[in-house]
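# Understanding the architecture of this molecule
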Amino acid sequence: MAIEGIGMNFDHYKLLTLSRNGRVLTIMMNRPELMNAVNHALHEEMARVFFEAADDPDSDVIVLTGAGKAFSAGGDFDWLEKQVKGNRVPFVHEAKSMRRIVMGLLDCPKPVIAKVNGDAMGFGASIALLSDIVIAADHVRFADPHVRLGLVAGDGGALIWPQLIGFAKAKHYLLTGDAIDAVTAERINLISFVVPAADLDSYVDTYAQKLARGAQSAIRYTKSVTNIALRQLFSSVFEAGVAYEGLSTYTRDFGEAVHAVMEKRRPEFKGE
């Protein structure tokens, strides 16, 4: 619902639902029937929402979550299928949106809490893990299965996973696409906290209000300083990652993976 004359205009978001609780702004991906899979339209909305939220005078803390049973299943399969069939826009357009989403998260001075209510896969995992505080329900799984679709994990996974859990573990999860449960994810420091699913809403609300009561200038500058290293890595790693992901959409392995999903069978990769 839009709030006339105050802060952000919520009306021009169709696939994101925005709401307020005091000084806490919640951004909800709202495609529950498709597990909040990211299509072109949602990509474009997310590419601007963190920049607008950064300038919103009526909020100090941001909560990012998903509607329904999932946080986000990653890329919309119909979107991927169109690329295989040749009905694609130049990848440079999607690369620009990816860049703005990640930069929006890293540059936003306000703390962003990912409330991971359900599985976070692929790009869904990336945007959760790029948030400042990640709080997940205990049934949740995280995975970056790009390689299982013949794709490079270039949209943020190769950037953030090694920083959180080290290169040895990160390479395992990125090169296999294996999922990790939330309890294990907390134990190896992939995420901040795991809580029982029934307690997730109240836990996040309490945590967000605690931050909202804090010294905002100190919190924002501390986030900015802490993220300097990530922003430097972003400049050196992300562009190459997105470029390689774009190239991988032209491989036969990518086409084989998409066709295998359509035909409900195991892909037979040829390394091409």
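Keep in mind the model is a prediction, meaning the values are calculated, not measured.

### What about the sheet that holds strand β8 (residues 180-181)?
With respect to topology, three strands assemble into an open sheet ordered β5-β7-β8, the strand pairing being mixed. Every other strand in the sheet has two partners, leaving β5 (120-121) and β8 as the edge strands with one partner each. Alignment of β5 against strand β7 (residues 141-143), held across two bridges, turns out to be parallel. Bridge pairing links Met121 to Ala143 in β7.

### Quick notes on the nonpolar core
Among the nonpolar cores identified, the biggest contains 74 residues, and Val116, Phe142, Trp161, Leu190 and Ile191 are the most heavily contacted of them. If near-sequence neighbours (up to four positions away) are discounted, Leu190 is found in contact with Leu129, Phe142, Trp161, Leu164, Ile165, Ile180 and Ala185.

### A word on the environment of Leu105
Summarising the element assignment, Leu105 is placed in helix α3 (residues 91-107). By relative accessible area, Leu105 is classed as buried at 1%. Leu105 sits 27 residues away from Asp132 along the chain, and the two C-alpha atoms are 8.6 Å apart. Ignoring sequence-local partners within four residues, the contact set of Leu105 consists of Phe50, Val112, Ile127, Leu130, Ser131 and Lys223.

### Topic: the packing of aromatic side chains
Going through the model one piece at a time under the given rule, you end up with four aromatic pairs. Judged by centre distance (6.0 Å) and plane angle (55°), the rings of Phe193 and Tyr207 are tilted. Residue Phe193 is located in strand β9 (residues 193-195), and its partner Tyr207 is located in helix α8 (residues 200-212); the two are separated by 14 residues in the primary sequence. A ring pair is formed by Phe234 and Phe238, whose centres lie 4.7 Å apart and whose planes are at 20°; its orientation type is stacked. Taken together, the residues Phe234 and Phe238, both in helix α10 (residues 228-248) and four residues apart, mark about one turn of the helix. The same class applies to Phe234 and to Phe238, which are both buried. Between the NZ or CZ atom of Arg48 and the centre of the ring of Tyr13, over which it lies, the distance is 4.7 Å.

### Points about the pairing of strand β2 (residues 24-29)
When a strand is regular, its side chains alternate between the sheet's two faces. Of all six residues making up β2, five are buried, and the element is well covered by its neighbours. In textbook terms, the turn of a hairpin is the stretch between consecutive antiparallel strands, and for strand β1 (residues 16-21) and β2 this stretch comprises two residues, one of which, Gly22, has a positive phi near 65°. Bridging between β2 and strand β3 (residues 61-66) involves six bridges; their strand directions are parallel. Bridging from a neighbouring strand, Met29 pairs with Gly66 of β3. The handedness of the β2 to β3 crossover, carried by helix α1 (residues 40-55), is right-handed.

### Section: the packing of helix α9 (residues 216-226) against α10
The packing of two helices is summarised by the inter-axis angle and the distance between the axes. At a minimum axis distance of 4 Å, the contact between α9 and α10 shows a crossing angle of 40°. As the angle between them shows, α9 and α10 are arranged oblique. Contact residues: Ser224, Val225 and Thr226 in α9; Ile228, Ala229 and Arg231 in α10.

### Describing α10
Its 21 residues place the ends of α10 30 Å apart at the C-alpha level, agreeing with the 30 Å of an ideal helix rising 1.5 Å per residue. Roughly 40° is the biggest bend found in α10, and it falls at Phe234. Here α10 has its buried residues at Leu230, Phe234, Phe238, Gly241, Val242, Glu245, Gly246 and Ser248.

### Observations regarding the pairing of strand β4 (residues 112-116)
Counting buried positions along β4 yields five of five residues, so the element is predominantly enclosed. Of the two faces of β4, the one carrying Val112, Ala114 and Val116 and the one carrying Ile113 and Lys115 are both buried. Sheet analysis places β3 next to β4, joined by three bridges and oriented parallel. Bridge pairing in β4 places Ile62 opposite Val112. Note that β4 and strand β6 (residues 133-137) share four bridges and pair parallel. The residue bridging Lys115 from the neighbouring strand is Ile135, located in β6.

The rules behind the values
Here, residues in each chain are numbered from 1, in the same order as that chain's written sequence. Owing to the predicted nature of the model, reporting of local features is limited to residues with pLDDT of at least 70; listing and counting of side-chain atom pairs is limited to 80 or more, with chain, interface and lining totals taken over all residues. With hydrogens and water stripped out, all remaining heavy atoms of the structure feed into the side-chain values. DSSP bridges decide pairing: two strands pair if at least two such bridges lie between them. In DSSP terms, a helix is any run of H or I states spanning at least four residues, a strand is any run of E spanning at least two, and both are numbered starting from the N terminus. For the purposes of this section, nonpolar cores are sets of buried Ala, Val, Leu, Ile, Met, Phe, Trp, Tyr and Cys residues that join through side-chain atoms within 4.5 Å. For the exposure calls, accessible area comes from a 1.4 Å probe over protein chains only, and a residue counts as buried if that area is under 20% of its type's maximum, exposed if over 50%, partly exposed in between. Note on contacts: a residue pair is in contact if any heavy atoms of the two residues lie within 4.5 Å. Two rings from Phe, Tyr or Trp (for Trp, the six-membered ring) form a pair when their centres sit within 6.5 Å of each other. Planes less than 30 degrees apart are called stacked, planes more than 60 degrees apart edge-to-face, and all others tilted. Whether a charge sits over a ring comes down to the Lys NZ or Arg CZ being within 6 Å of the ring centre and within 35 degrees of the ring normal. Viewed with both strands pointing away, a crossover whose connecting path from the first strand over the helix to the second turns clockwise is right-handed. Geometry is summarised by axes, namely lines fitted to C-alpha atoms with helices restricted to the contacting stretch, and by angles between N-to-C directions that run from 0 to 180 degrees. The labels follow the angle: roughly parallel below 35 degrees, roughly antiparallel above 145, roughly perpendicular from 65 to 115, and oblique for the rest. In this analysis, the expected span of each helix is defined as 1.5 Å times one less than the number of residues it contains. In this scheme, the bend at a residue equals the angle between the axes fitted to the seven residues that finish there and the seven that begin there.

The values are spatial; any link to function lies outside them.
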